[in-house]
Amino acid sequence: MAKVFKKTSGNGGLTLYLGKRDYVDHVDKVDRVDGVVKLDPADFGDRKVFVQLACAFRYGSDDLDVMGLCFRKDIWMQQTQLYPNGEKPALSAMHDTLLKKAGDNAHPFSFEIPNNLPCSVSLQPGPDDKGKACGVDFEIKTYLAKEKNNPDEKIEKKDTARLVIRKIQYAPSQVGAGPKADICKSFMMSDKPVHLEASMEKDLYFHGEAIPIKIKIKNESNKTVKKIKISVDQTTDIVLYSADKYTKCVLNQEFGETVDSNGSFDNTLTITPLLADNKEKRGLALDGRLKDEDTNLASTTMLRQGVEKEVLGILVSYKIKINLMVAGGGLLGGLTSSDVTLELPLNLMHPKPEE
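In this report, the structure presented in the accompanying data block is examined.

Cut-off values and rules
- Within each chain, residues carry numbers counting from 1 in the order of the written sequence.
- Only residues with pLDDT of at least 70 get local features here, since the model is predicted, and only at 80 or more are side-chain atom pairs given and counted; chain-wide, interface and lining totals rely on the full set of residues.
- For the side-chain quantities, the full set of heavy atoms in the structure was used; hydrogens and water were omitted.
- Starting at the N terminus, helices and strands are each numbered in turn, a helix being any DSSP run of H or I of at least four residues and a strand any DSSP run of E of at least two.
- A simple rule labels every residue: compare its accessible area, found with a 1.4 Å probe on the protein chains alone, to the largest value its type can have, and call it buried under 20%, exposed over 50%, or partly exposed in between.
- In what follows, a contact means two residues having at least one pair of non-hydrogen atoms within 4.5 Å.
- A 1.4 Å probe and the Shrake-Rupley method give the accessible areas. Residues count as covered only by the protein chains that appear here.
- For two strands to count as paired, DSSP must find a minimum of two bridges between them.
- Lines fitted to C-alpha atoms define the axes, with helix axes restricted to the stretch in contact, and inter-axis angles between N-to-C directions lie between 0 and 180 degrees.
- Pairing of aromatic rings covers Phe, Tyr and Trp, the last through its six-membered ring, and needs centres within 6.5 Å; plane angles under 30 degrees mean stacked, over 60 mean edge-to-face, and all others mean tilted.
- Two limits define a charge over a ring: the Lys NZ or Arg CZ must be within 6 Å of the ring centre, and within 35 degrees of the ring normal.

**Describing the overall build of the chain**
At step 1: The helix and strand tally for the chain stands at two helices and 21 strands.
At step 2: Expressed as a percentage of the 355 residues in the chain, the buried residues total 44%.
At step 3: At a minimum sequence separation of 6, the contacts of the chain that also span at least 24 residues come to 68%.
At step 4: For the chain, the accessible area works out to roughly 18400 Å², and carbon and sulfur atoms hold 48% of it.

Following this line, the structure appears as structure tokens:
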């Protein structure tokens, strides 16, 4: 195994081991979470050891919790007792490797993540924001407590060890046909319209992949198409705690193509939306990150039939806007200018890595 992730509690009595931190949602099931906790029970007293996996929505910094406000809402949680008399899961190859690594007094555990839970998403913090980013995260925590679920029992920070993991989705192996749309728009002081048609080769693109858009323009009007503008909007729908929905532009590109009256245009224009061009935009949805490693724009949320939107926490979608800036000639040219706009849906995801 290339790498083992581990975290030890402040009191030194609990060490949490994981073999990986990315768990893939395969649509019908999610990778099982297999881990190990090594114990040093010298100072446990009458306390027991528990381990839990929680999926939570974070919409504020931990620093604010001292005000008596909790900015973390659990979407789903599962916990089990490890010591004494803990439940023992069926051992996997991952367990065997981690048990060898941990040595004596190590206890295995497993969690099954339901496939109706959201994937890990974080909202890009502003330049001055401190603490953990808002968003959906998954956290494994092992801790000492006298009882399994006693809200009155205070669990000390030094008696816990925790690691954040990610639930991720990869693009399906089969890619469908791309979207196509057209519009015909008439203008004031012109007898005939402008026709615009736009299409894409497939319905899904990978992060960082160039996206070619085939554009056809037939200008039958007496006006001139001055330029073509293509933008990409990310819409983030936070359905968990309010109907909070907002849209941010992640790409805005102008092409200096002109189409004169009675002229036509038939060509492919290429765009590539990237997080690198949007580092300053606070609140932009990103794929969940571990510490400060690089990430990317959030992947499109793939909704399954029958899954309640509220469970998903944050829904992310994209659309491409093609805009023709049309201006008339003569003295009234500026006054009679107008736009022709068309929209296409866009799905952005990661390719499935080679086995």
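**Quick word on the pairing of strand 14 (residues 211–219)**
At step 1: A one-sided burial pattern is seen for strand 14, the buried positions being I211, I213, I215, I217 and N219 and the unburied ones P212, K214, K216 and K218.
At step 2: Of the pairings in the sheet, the one linking strand 12 (residues 194–199) to strand 14 comprises six bridges and is antiparallel in character. Its bridge partner being in strand 14, L196 is matched across the sheet by I217.
At step 3: Judged from the eight bridges that link them, strand 14 and strand 17 (residues 264–271) form a sheet pairing that is antiparallel. Bridging across to strand 17, I217 finds its partner in F265.

**Focus: the sheet that holds strand 12**
At step 1: With respect to topology, four strands assemble into an open sheet ordered 11-12-14-17, the strand pairing being antiparallel. The sheet is open, and its two borders are formed by strand 11 (180–185) and strand 17, each paired with just one other strand. Between one strand and the next, the sheet's axes are offset by a mean angle of 15 degrees, whatever the strand orientation.

**A look at the packing of aromatic side chains**
At step 1: In this structure the tally under the stated criterion is three aromatic pairs.
At step 2: Arranged with centres 5.6 Å apart and planes meeting at 55 degrees, the rings of F109 and F111 form a pair that is tilted.
At step 3: The exposure class assigned to F109 is buried, which follows from its relative accessible area of 1%.
At step 4: Its relative accessible area of 2% is what places F111 among the buried residues.
At step 5: Its end group placed over the ring of Y143, K141 keeps NZ or CZ at 5.2 Å from the ring centre.
At step 6: Stacked on the ring of F206, the Lys or Arg K202 has its end atom at 5.6 Å from the ring centre.

**Examining the sheet that holds strand 4 (residues 33–39)**
At step 1: One open sheet accounts for four strands, arranged 1-2-4-7; its pairing is antiparallel. What marks the edges here is a single partner per strand, and that holds for strand 1 (5–8) and strand 7 (106–111). Adjacent strand axes in the sheet meet at a mean angle of 20 degrees, parallel and antiparallel pairs treated alike.
At step 2: As paired strands, strand 2 (residues 14–18) and strand 4 are joined by five bridges and run antiparallel to one another. When the sheet's bridge partners are listed, T15 is paired in strand 4 with K38.

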